[in-house]
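If you want the building blocks of each chain, they are given just below.
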Amino acid sequence: MKTEFMTQKLVIRRKIFLCPSIATRSSIRKLGHCVLPSLVMTLSLLTTACAPDPLATPAKGSFLSMFGRGSSDSNTEINPLSDARVPPVLPAELADGSEIFGPSSIKTYIHKPQILPPTVMDDDLFLAVERLYQHNQMQPLWHDGEQWLPAALNTVETLQSARRHGLMPEDYLPAQLALPNYQRSSPAAITQAELALTSGVLRYIVDVKEGRYAPNQTLDPVATFIGGVQQDDYHVWLHELSAENWVYSRMINASGQHETLSGHDWDRYRVTMERLRWDAPELPNDDRYLLVNLGAAEVWAMDGLTLDLGANAVVGRASRRTPLRDDTIINLKFSPDWTAPYSIIENDLVQMARENPSIIEQMGLEIYRDGQLVNPQSIDWRTIDVRRHVFRQPPGPNNVLGGVRFTLANNQSIYIHDSPDKGLFDAAFRARSSGCVRLGAIDKFALWLLAGEDPGWTLEQVQDRMTQPQSSFVALNRRTPVKTIYTTAWVSHNGRLVTSADVYGVNSQLRRQMGLPIELVGDSGVMGAQNISDVF
């Protein structure tokens with residue numbers, strides 16, 4: 001076999017190495033765990049050349065579009081190396097028996113893209129691959145003429161674990177999801193695998209760091225890859241490469257639970273991870289706040305990026321969504337009464353009373369007309385002027401707001417509150433309210449809010465306030481922020497990775513882009529309600 005390598009001085013972090021010929025390849029193998037030797041050699045040459053390094057100011061627009069679509073789910077167990085001998089697709093220049101490694105082989109494939117592996121055929125991806133090898137003087141990146149370098153094996157291992165990011169390993173790996181056996185494969189097959197791995201890692205860099213469907217794409221995969229090669233440990237850099245936000249990090253560190261996902265659960269995980277790469281929530285690093293996840297129907301008490309307390313919640317159903325915007329807690333109202341909003345009176349209570357006038361009393365509601373208490377049986381429900389009437393539920397164990405209400409700054413009568421119907425907090429589907437957030441274990445959240453300002457509060461005091469016959473307020477000296485997010489996959493407060501249907505249709509457009517079916521979630525409304533909790 002004929003192999004083309006050059007002997008050059010190599011400067012890596014002020015240490016001088018010799019980039020050897022075939023006779024001294026052992027030095028390369030020693031470097032392979034942290035760098036790609038031939039690429040670092042070229043980088044050293046570029047930094048000492050008279051002309052400016054073109055990677056110092058990457059050309060915009062050349063490599064910024066997303067690279068294709070995902071493929072079907074796969075649970076195949078794979079290794080970095082395959083025992084199979086991959087049959088090569090030989091170009092005419094290599095079909096005469098003079099199979100070669102090195103620049104001539106790379107050039108032949110780069111200049112005849114129609115014979116490249118299918119994963120390199122995307123136009124933007126091919127341009128990125130070509131550009132990288134041009135900067136590397138058409139030298140191979142992943143082998144030394146005798147074997148695959150450790151950097152190649154490490155790269156394959158990282159790409160094989162792409163599922164934790166909601167990505168498909170087969171989108172990035174060479175044929176058979178592994179590198180071919182070096183000793184049993186022809187030089188042409190080795191070169192094909194080399195190019196497939198290069199294209200795979202460039203595509204992976206964009207997909208995992210910025211997102212394949214990001215509305216605004218700015219990442220240059222070639223410059224990013226070369227920057228990664230210059231790190232102290234390339235393998236660690238590539239393995240840890242991801243979107244930089246707390247929610248995303250918590251997802252990929254979910255103890256491998258993503259490996260067991262399939263079907264709808266896997267689709268929801270993929271969609272969530274893709275959106276988190278370019279539409280991540282902005283969460284405070286050093287503030288106390290409540291984090292409400294409407295998609296997962298959970299509420300967390302956060303101190304910076306530390307989870308202090310978490311619980312299931314009930315959120316607005318599809319036709320009456322909880323607003324997806326941030327808010328602020330003003331005060332706590334213990335043993336609250338409840339005054340029904342006009343929207344609920346008109347759309348729900350009046351309609352129900354026309355069918356069964358006694359249901360108003362059954363629900364424990366009092367009705368006032370012009371300030372005077374009236375008998376519901378005396379009302380003509382077909383002609384009632386709801387603007388002259390007030391529907392009120394006094395404090396008590398059956399009050400729709402339960403034992404405490406967190407008053408928010410909005411003007412839509414949207415609260416975070418307790419509920420007499422505790423069973424709903426254990427239901428799998430919890431998008432059932434008319435817009436408010438019902439919170440499980442709310443006594444502990446109330447203590448968290450109050451003790452944050454006055455450590456003298458105890459849980460017993462909170463619970464006692466919640467059962468008093470009269471309402472009372474406790475103002476917060478410092479208003480507590482409420483951050484609202486929406487994801488359909490989530491690491492719950494108990495550490496389990498859970499998924500939920502896209503009740504609000506937030507991900508419908510992204511699902512179309514990803515080639516996934518749109519989730520249709522029914523809304524049962526309030527017909528057949530027997531208590532006020534079924535309405536509000």
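Conventions adopted
Per chain, the residues get numbers from 1 upward, laid out in the order the sequence is written. Local features in this predicted model are restricted to residues whose pLDDT is 70 or higher, and side-chain atom pairs enter the listing and the counts only when it is 80 or higher, whereas totals over whole chains, interfaces and linings include all residues. The basis for every side-chain value is the complete set of non-hydrogen atoms in the structure, without hydrogens or water. Here a helix means four or more residues in a row that DSSP labels H or I, a strand means two or more in a row labelled E, and each is numbered from the N terminus. Buried means the residue's accessible area, taken with a 1.4 Å probe over protein chains only, is under 20% of the maximum for its type, while exposed means over 50%, and partly exposed covers the values in between. Residues are treated as being in contact if the distance between any of their heavy atoms lies within 4.5 Å. Surface accessibility follows the Shrake-Rupley procedure with a 1.4 Å probe radius. Residue values consider only the protein chains on display as shielding. Put simply, a nonpolar core is a bunch of buried Ala, Val, Leu, Ile, Met, Phe, Trp, Tyr and Cys residues held in one set by side-chain atoms that sit within 4.5 Å of each other. Fitting a line to C-alpha atoms yields each axis, with helices limited to the stretch in contact; the angle taken between N-to-C directions then spans 0 to 180 degrees. Under this scheme an angle from 65 to 115 degrees is roughly perpendicular, one under 35 degrees roughly parallel, and one over 145 degrees roughly antiparallel; angles in between are oblique. Note: crossing handedness is left-handed where the near helix turns anticlockwise from the far helix by less than a right angle, and right-handed where it turns clockwise. Amino acids outside the nonpolar list (Ala, Val, Leu, Ile, Met, Phe, Trp, Tyr, Cys, Pro) and the charged list (Asp, Glu, Lys, Arg) are all regarded as polar, and Gly is one of them. Pairing of N or O atoms within 3.5 Å defines a polar contact, subject to two protein rules: one partner must be a possible hydrogen donor and the other a possible acceptor, and residues neighboring in sequence count only if both atoms are side-chain atoms. Per-residue confidence from the predictor is given as pLDDT, running between 0 and 100. At least two bridges found by DSSP between two strands are what make those strands a pair. What counts as a salt bridge is simple: a side-chain nitrogen of Lys or Arg found within 4 Å of a carboxyl oxygen of Asp or Glu. When the centres of two rings from Phe, Tyr and Trp lie within 6.5 Å, Trp using its six-membered ring, the rings pair. Their planes under 30 degrees apart give stacked, over 60 give edge-to-face, and anything left gives tilted.

**Q** I'd love a proper account of the overall build of the protein, names of residues and values included.
**A** When helices and strands are tallied, the protein shows 15 helices and 17 strands. The proportion of buried residues among the 536 residues of the protein is 53%. Within the protein, contacts between residues at least 6 apart in sequence are counted, and of these 71% link residues at least 24 apart. Total accessible area on the protein is roughly 23600 Å²; 49% of this is exposed by carbon and sulfur atoms.

**Q** Describe in detail the nonpolar core, supporting the description with residues and values.
**A** In terms of nonpolar packing, the biggest core is built from 68 residues, with Tyr-133, Trp-142, Leu-202, Phe-225 and Tyr-234 touching the most fellow members. When residues in this core are grouped by element, the largest group, 11 residues, is from helix α6 (residues 187–209). With 35 residues, the next largest nonpolar core counts Leu-294, Ile-329, Ile-416 and Leu-439 among its residues.

**Q** So, the packing of helix α5 (residues 150–160) against α6: which residues are in play, and what are the values?
**A** Running from amino to carboxyl end, α5 crosses α6 at an angle of 50°, the nearest separation of the two axes being 11 Å. Classed by the angle they form, the pair α5 and α6 counts as oblique. As α5 packs across α6, the resulting crossing turns out to be left-handed. Between α5 and α6, the residues in contact are Ala-152, Thr-155, Val-156, Thr-158 and Leu-159 and Leu-197, Gly-200, Val-201 and Tyr-204, respectively. Among the residues forming the contact of α5 with α6, the class breakdown is six nonpolar, three polar and no charged.

**Q** Could you give me a rundown of the side chain of Ser-434, with the residues and numbers involved?
**A** Note on placement: Ser-434 falls in the loop between β13 (431–433) and β14 (437–439). The class for Ser-434 is buried, based on a relative accessible area of 16%. Of note is the side chain of Ser-434, whose polar atom sits 3.5 Å from the side chain of Arg-317.

**Q** Which residues make up the confidence of the model for the protein, and what values go with them?
**A** Per-residue confidence for the protein gives a mean pLDDT of 80, with 76% of residues at or over 70. Low pLDDT, under 50, characterises residues 40–78; the stretch is placed with 96 contacts to residues that sit more than four places away or in other chains. Contacts from residues 84–99, a stretch scored under 50 in pLDDT, to residues over four places away or in other chains number 35 contacts.

**Q** Summarise the sheet that holds strand β8 (residues 366–369); cite the residues concerned and give the values.
**A** Taking strand neighbours across the sheet as the criterion, the four strands line up as β7-β10-β8-β9 in an open arrangement whose pairing is antiparallel. Each of the sheet's edge strands pairs with one partner strand only, and the pair in question is β7 (338–339) and β9 (372–374). One ladder, built from three bridges, connects β8 with β9; its direction is antiparallel. If you follow Ile-367 over to β9, its bridge partner there is Val-374.

**Q** Kindly report on the pairing of strand β5 (residues 306–316), identifying the contributing residues and their values.
**A** Direction of pairing for strand β4 (residues 298–303) relative to β5: antiparallel, over a ladder of six bridges. If you follow Val-299 over to β5, its bridge partner there is Ala-311. Taking the residues between adjacent antiparallel strands as the criterion, β4 and β5 are bridged by two residues, where Gly-304 takes a positive phi near 65°. In this sheet, β14 lies alongside β5 in antiparallel orientation, the contact comprising two bridges. Across the sheet, Val-314 pairs through a bridge with Arg-438, a residue of β14. Here β5 runs beside β13; their pairing, made up of two bridges, is parallel. The residue bridging Val-315 from the neighbouring strand is Ala-431, located in β13.

**Q** Explain the pattern of salt bridges to me, using residue names and the numbers behind them.
**A** For the coordinates displayed, the defined rule picks out 20 salt bridges. In this structure, Asp-220 engages Arg-131 in a salt bridge whose closest nitrogen and oxygen atoms are separated by 3.0 Å. With a gap of 89 residues between them, Asp-220 in the loop between α6 and α7 (221–229) and Arg-131 in helix α4 (residues 123–135) connect regions that are remote in the sequence. In this structure, Asp-220 and Arg-131 share a single accessibility class: buried. The network of salt bridges with common partners includes Asp-265, Arg-268, Arg-511 and Glu-519.

**Q** Please provide a residue-by-residue account of unusual backbone geometry, values included.
**A** Positive phi outside glycine occurs at Ala-297, with the angle close to 55°. Mapped onto the elements, Ala-297 comes out in the loop between β3 (288–293) and β4. Located in the positive-phi region is Ser-413, a residue other than glycine, with phi close to 60°. Relative to the helices and strands, Ser-413 is located in the loop between β11 (404–408) and β12 (416–417). Residue Ser-413 is classed as partly exposed on the basis of its relative accessible area of 31%.

**Q** Lay out the packing of aromatic side chains in plain terms, naming residues and giving numbers.
**A** Within the structure shown, the criterion is met by 11 aromatic pairs. Arranged with centres 4.7 Å apart and planes meeting at 45°, the rings of Trp-300 and Trp-490 form a pair that is tilted. Note that Trp-300 is positioned in strand β4 and Trp-490 in strand β16 (residues 489–491), a separation of 190 residues in sequence. Residue Trp-300 is classed as buried on the basis of its relative accessible area, which comes to 0%. Joined through ring pairs, the aromatic side chains of Trp-142, Phe-225, Tyr-234 and Trp-237 make up one cluster.

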